[in-house]
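# Working through the structure, step by step
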Amino acid sequence: PWGVSPTRTTVNNYDQAALNRVKRYSDQLARYYGAPNAVLIMPADVYAIAINGDDPDRVTQYFSAVGDAANNLGFSVQPWSAIREQNLNFYEEILQWECSPDALFRSTPKALWYDGLFPASLSRNSARGEDGVRQSAFRYLQERIAEARVIEAVYAPVKLSMVSPKKDDIVDRELPRVYLLEKALRFPWLKGN
């Protein structure tokens, strides 16, 4: 998954360095360990546009630039919105059964709501008021859980997370993941803005 820059429409040094690091690990897996692998960069467009209300044109431009840079390294690129649309029935079942408001409030530790989801939503949605902040946090959690379930079922991947492990705990459910980027390269879309 690849987040969106809040200000940029082009790839900067941090974006390129993170992509290059992924390429290096991918090549090493194949060359030194005989482990064929394919990298899929998944622009997180739904989060940016539908949940955080970012400008769709700017989001599209930024993800297009990231997609071009990723394609130049031989990576596949498929936005979350396209993957979700291709698996819409499964996605909607997850929302209905695992991500209903009652189910999420029972299954999600309160610390995640108050220490993670609400503060992050407030930083992006303060102009929408208290209800807007809560709604955005809830939609984000729904989307992350549904994404993890769909991605795991469709691709059976090992997720290369570009963020800190704390951000993925709980919301990625049992999706296997690795953290190869050092702190200086995590969240590359937020660096250098």
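Here, every reference points to the structure presented above.
Bear in mind the structure is a predicted one, so any value in this text is a computation, not a measurement.

Thresholds, definitions, all that
Counting restarts for each chain, with residues numbered from 1 along the sequence as it is written. With the structure being a predicted model, the display of local features is reserved for residues of pLDDT at least 70 and the display and counting of side-chain atom pairs for 80 or more, all residues being used for whole-chain, interface and lining totals. Note: side-chain values were computed over all heavy atoms of the structure, leaving out hydrogens and water. Secondary structure elements are defined from DSSP: runs of H or I of at least 4 residues count as helices, runs of E of at least 2 residues count as strands, and each element is numbered from the N terminus. Summary of the burial criterion: residues with accessible area below 20% of their type's maximum are buried, those above 50% are exposed, and those between are partly exposed, where the area comes from a 1.4 Å probe applied to protein chains only. Charge assignment in this entry is limited to Lys and Arg as positive and Asp and Glu as negative, and neither His nor the chain termini are counted. Each reported salt bridge corresponds to a side-chain nitrogen of Lys or Arg within 4 Å of a carboxyl oxygen of Asp or Glu. Residues count as neighbours in contact if any of their non-hydrogen atoms are within 4.5 Å of one another. Axes here refer to lines fitted to C-alpha atoms; in helices the fit is confined to the stretch in contact. Angles between the N-to-C directions go from 0 to 180 degrees. Note: crossing handedness is left-handed where the near helix turns anticlockwise from the far helix by less than a right angle, and right-handed where it turns clockwise. Points on a 1 Å grid, built from protein atoms alone, make a cavity when a 1.4 Å probe fits but cannot get out and make a pocket when they are open with protein on both sides within 12 Å along at least 5 of 7 lines; residues with an atom within 4 Å of a point are the lining residues. Grid points are joined across faces, edges and corners, and a volume is the space filled by probe spheres set on the points. Residues are grouped as follows: Ala, Val, Leu, Ile, Met, Phe, Trp, Tyr, Cys and Pro are nonpolar; Asp, Glu, Lys and Arg are charged; every other residue, Gly included, is polar. Residues adjacent in sequence count toward polar contacts only when both atoms are side-chain atoms; beyond that, a polar contact is any pair of N or O atoms within 3.5 Å, and within protein one must be able to donate a hydrogen and the other to accept it. As used in this record, nonpolar core signifies buried Ala, Val, Leu, Ile, Met, Phe, Trp, Tyr and Cys residues forming a set joined through side-chain atoms within 4.5 Å. Here, patches come from residues exposed beyond 30% relative accessible area and free of salt bridges, joined within 9 Å for like charges and within 5 Å for nonpolar side chains (Val, Leu, Ile, Met, Phe, Trp, Tyr). Throughout, the Shrake-Rupley method with a 1.4 Å probe supplies accessible areas, and for residues the shown protein chains are the sole cover considered. Here the expected span of a helix is defined as 1.5 Å times the quantity of residues minus one.

Within the fold, R186 resides in the segment after strand 4 (177–178). Notably, R186 is buried but unbridged: the nearest opposite-charge side chain belongs to E182, and the N-O separation is 7.9 Å. For R186, the contacting residues outside a window of four places in its chain are M162, V163, S164, P165, L181 and K191.

In this section: unusual backbone geometry. One non-glycine residue, A156, lies in positive phi territory at about 45°. For A156, the location among the structural elements is in the loop between helix 8 (129–155) and strand 3 (159–160). Here A156 falls in the exposed class, since its relative accessible area comes to 65%. A positive phi angle, near 55°, is found at F187, a position not held by glycine. Looking at where F187 falls in the secondary structure, it is placed in the segment after strand 4. What makes F187 partly exposed here is its relative accessible area of 22%.

Packing of helix 1 (residues 13–33) against helix 3 (residues 56–72) brings their axes to within 10 Å, and their N-to-C directions diverge by 40°. Read as a crossing pair, helix 1 and helix 3 show a hand that is right-handed. Contacts from D15, Q16 and L19 of helix 1 reach helix 3 at Y62, V66, A69 and A70.

Here the second largest pocket is characterised by a volume of approximately 580 Å³. What lines the second largest pocket is a set of 24 residues, and nearest its centre among them are A38, L40, V158, K159 and L160. Looking at the lining of the second largest pocket, the elements with two or more residues in it are helix 1, strand 1 (40–41), helix 8 and strand 3. Sort the elements by how many residues they give to the lining of the second largest pocket and helix 1 lands first, with four residues. Taken together, the residues of the lining of the second largest pocket sort by class into 20 nonpolar, two polar and two charged.

This brings us to the side chain of E143. Summarising the element assignment, E143 is placed in helix 8. Within the structure, the side chain of E143 is placed 2.9 Å from the side chain of R84, a separation counted as a polar contact. Other than its neighbours up to four places away in sequence, E143 contacts V46, Y47, I51, W80, R84 and Y91.

Here we take up the nonpolar core. Formed by 21 residues in total, the largest nonpolar core has its most connected members in W2, L19, I41, Y62, F75 and M162. Of all the secondary-structure elements, those providing two or more residues to this core are helix 1 and helix 3. Looking at this core, the element that brings in the most residues is helix 3, giving six residues. Those residues in contact with F75, other than ones at most four positions away along the chain, are L19, V22, K23, V39, I41 and A70. Listed in part, the 20 residues of the second largest apolar core include I51, F138, L141 and V150.

Taken together, the side chains of L29, Y32 and Y33 make up a nonpolar region of the molecular surface, amounting to roughly 400 Å² of accessible area. For L29, a relative accessible area of 39% gives the class partly exposed.

The end-to-end C-alpha separation of helix 3 is 24 Å, in line with the 24 Å expected for 17 residues at 1.5 Å each. Burial in helix 3 covers these residues: R58, V59, Y62, F63, A65, V66, G67, A69 and A70. Residues of helix 3 that are buried in the fold lie against helix 1, strand 1, helix 2 (45–51) and strand 2 (76–77). Looking one or two places after helix 3, you find G74, whose phi comes out positive at around 90°.

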